[in-house]
Amino acid sequence: MKEQSVKLGISIGDLNGIGGEIILKTFEDVRMLEFCTPVIFASAKTITFLLKHFKLDINFQGVKSVDAIIEGKINVVNVWQDNPQITFGEENSTGGSYAIKSLKAAVDALKSNSIDALVTAPIHKANIQSDDFSFPGHTDYLNQELEGNSLMFMITEKLKVGLLTDHVAVRNVSDKIDAQLITQKFKTIQHSLIQDFGISKPKIAFLGINPHVGDNGVIGKEDDDVLIPTLKQLREKGDLTYGPYAADSFFGSENYKNFDAIIAAYHDQGLIPFKTLSFGKGVNYTAGLNKVRTSPDHGTAFEIAGKGLANNNSFKEAVYTALAIYNRRAEYAELTANVLQKQPRKKQYSGRSRSN
């Protein structure tokens, strides 16, 4: 029996940003169709405009709904029939509203199993806000729509950084962190490393909440009162968790190389070193949910939008990562279910051999 290609849903992101450009540049390489069937949620008119603007030669199939997806082709689901004005580089409500239309349609398809995994192009957090959408970003929306507890997990092959708190104002970080949150985020990353990345006994390091891990309470008591006792309890149960480590020297000393993942207390504590070490190669993976979603490690880049300058490497990595995790999850489900007869799986992208 012929293997089916993984149906990879793609939301187009802010129309005025670089989302459309990096999507089309990625699938300009026809070899990508060996790994997946791309399903872009936008409209044939919008994609045609983008192809002409960027002078790209790509064949695609416009379809009215996900039920009409054609395997082995680049599919464009017509989420809207009108022809929105694209003004590259501008932050306006048009770019945001159509980004959310695309995202909602893609997530609905993901929930109904019409697509297998999702890659999201960048949105702008300010212009997506409306009465119908009041989330700080993709992660929080997906947490509401899908099953599980979402966690922002920034990943490369050699560096994986998760967050205790993500899009939270710095002044509110310490109030959000308690023993329950620490344990939940640890368990989410631990399970993801096992299920999604094939690491049987993952070693996970924590960064301190305060500078110098609080210096025995001199700079803050949160580490001594909350983080350190919780990590001790996890270790007593046999979990391989380490730290907390002072964040200022952890990455510069290359201590991060000793662990399978690192958990930072807040957004910039984790993402500044991650992006410094791997910008353009990293992937934002939403761990902890029943479906696979990835995105590139950058934003809308309005400053270069429409100029043909956008680098699609991170988006391509997000595609590869989504496919690899989807297939690893299928393998993990087979192994843990202990089925008597293996079912045919979809054509796999393992991540072990590809041409960039």
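Here is what the cut-offs are and how they apply
Here the residue numbers are simple positions, counted from 1 along each chain's written sequence. Totals for whole chains, interfaces and linings use every residue, but because this is a predicted model, local features are given only for residues with pLDDT of at least 70 and side-chain atom pairs only at 80 or more, for both listing and counting. Hydrogens and waters are ignored; side-chain quantities use all the structure's heavy atoms. Secondary structure elements follow DSSP: runs of H or I no shorter than four residues count as helices, runs of E no shorter than two count as strands, and numbering proceeds from the N terminus. Any two residues whose heavy atoms approach within 4.5 Å at even a single point are treated as in contact. When accessible area is computed with a 1.4 Å probe and restricted to protein chains, residues below 20% of their type maximum are described as buried, those above 50% as exposed, and intermediate ones as partly exposed. In this tally, Asp and Glu contribute negative charge and Lys and Arg positive charge; neither His nor the terminal groups of the chain are included. For this analysis, a salt bridge means a side-chain nitrogen from Lys or Arg found within 4 Å of a carboxyl oxygen belonging to Asp or Glu. Between N or O atoms, a polar contact is any pair within 3.5 Å; within protein, one atom must be a potential hydrogen donor and the other a potential acceptor, and residues adjacent in sequence are included only when both atoms are from side chains. Note: the arc covers the axis-to-C-beta directions of the helix. Here the nonpolar core consists of buried residues drawn from Ala, Val, Leu, Ile, Met, Phe, Trp, Tyr and Cys, with membership extended through side-chain atoms lying within 4.5 Å. Pairs were defined over the aromatic rings of Phe, Tyr and Trp, the Trp ring being its six-membered one, requiring ring centres within 6.5 Å. Orientation was assigned from the angle between planes: stacked under 30 degrees, edge-to-face over 60, tilted for the rest. Any Lys NZ or Arg CZ that is within 6 Å of a ring centre and within 35 degrees of that ring's normal is treated as a charge sitting over the ring.

1. Some words on the environment of Phe279
Tracing the chain through its elements places Phe279 in the loop between α9 (267-278) and β11 (283-289). With 123 residues separating them along the chain, Phe279 and Thr156 place their C-alpha atoms 9.9 Å apart. In this view, Phe279 contacts Phe274, Asp297 and His298; residues no more than four positions away in its chain are not counted.

2. Some thoughts on the side chain of Arg293
As for its placement among the helices and strands, Arg293 is situated in strand β12 (residues 292-296). Summary of buried charges: Arg293 has no salt-bridge partner, and the nearest side chain of opposite charge, Asp140, is 8.8 Å away. There is a polar contact of 3.2 Å between the side chain of Arg293 and the side chain of His138. Only 3.3 Å separates the side chain of Arg293 from the side chain of Ser295, close enough to count as a polar contact.

3. Observations concerning helix α4 (residues 138-145)
Burial in α4 covers these residues: His138, Thr139, Tyr141, Leu142 and Glu145. The arc enclosing the buried residues of α4, seen along the axis, measures out at 165°, which places them on a common side. Those residues of α4 that are buried lie in contact with α3 (93-111), β5 (117-120), β6 (148-155), β11 and β12.

4. Quick word on the nonpolar core
Soluble globular proteins: nonpolar side chains tend toward being buried together. Judged by nonpolar contacts, the single largest core of 64 residues is most densely connected at Phe27, Ile47 and Phe153. Apart from residues lying up to four places away in sequence, Phe153 is in contact with Lys160, Val161, Gly162, Ile189, Ser192, Leu193, Phe197, Ala261, Val283, Asn284, Tyr285 and Ala287.

5. Quick look at the packing of aromatic side chains
One pass over the full model with this rule turns up 13 aromatic pairs. Here the aromatic rings of Tyr242 and Phe259 are separated by 5.5 Å at their centres, their planes lie at 50°, and the arrangement is tilted. With Tyr242 in strand β9 (residues 241-245) and Phe259 in the loop between α8 (247-250) and β10 (261-264), this residue pair connects regions lying 17 residues apart in the sequence. In textbook terms, an aromatic cluster arises when at least three aromatic residues are bridged by ring pairs, as seen for Tyr242, Tyr245, Phe250, Phe251, Tyr256 and Phe259. The lysine or arginine in question, Lys101, covers the ring of Tyr98, its NZ or CZ lying 4.3 Å from the ring centre. The ring of Phe197 has Lys160 lying over it, and the distance from NZ or CZ to the ring centre is 5.0 Å.

6. Details of the pattern of salt bridges
One pass over the full model with this rule turns up 6 salt bridges. Taking the shortest distance from any N to any O, the salt bridge between Lys25 and Glu21 comes out at 2.7 Å. One end of the pair, Lys25, and the other, Glu21, are both in helix α1 (residues 19-27), 4 residues apart, so they sit about a helical turn from each other. According to the relative accessible area criterion, Glu21 is buried, its value standing at 1%.

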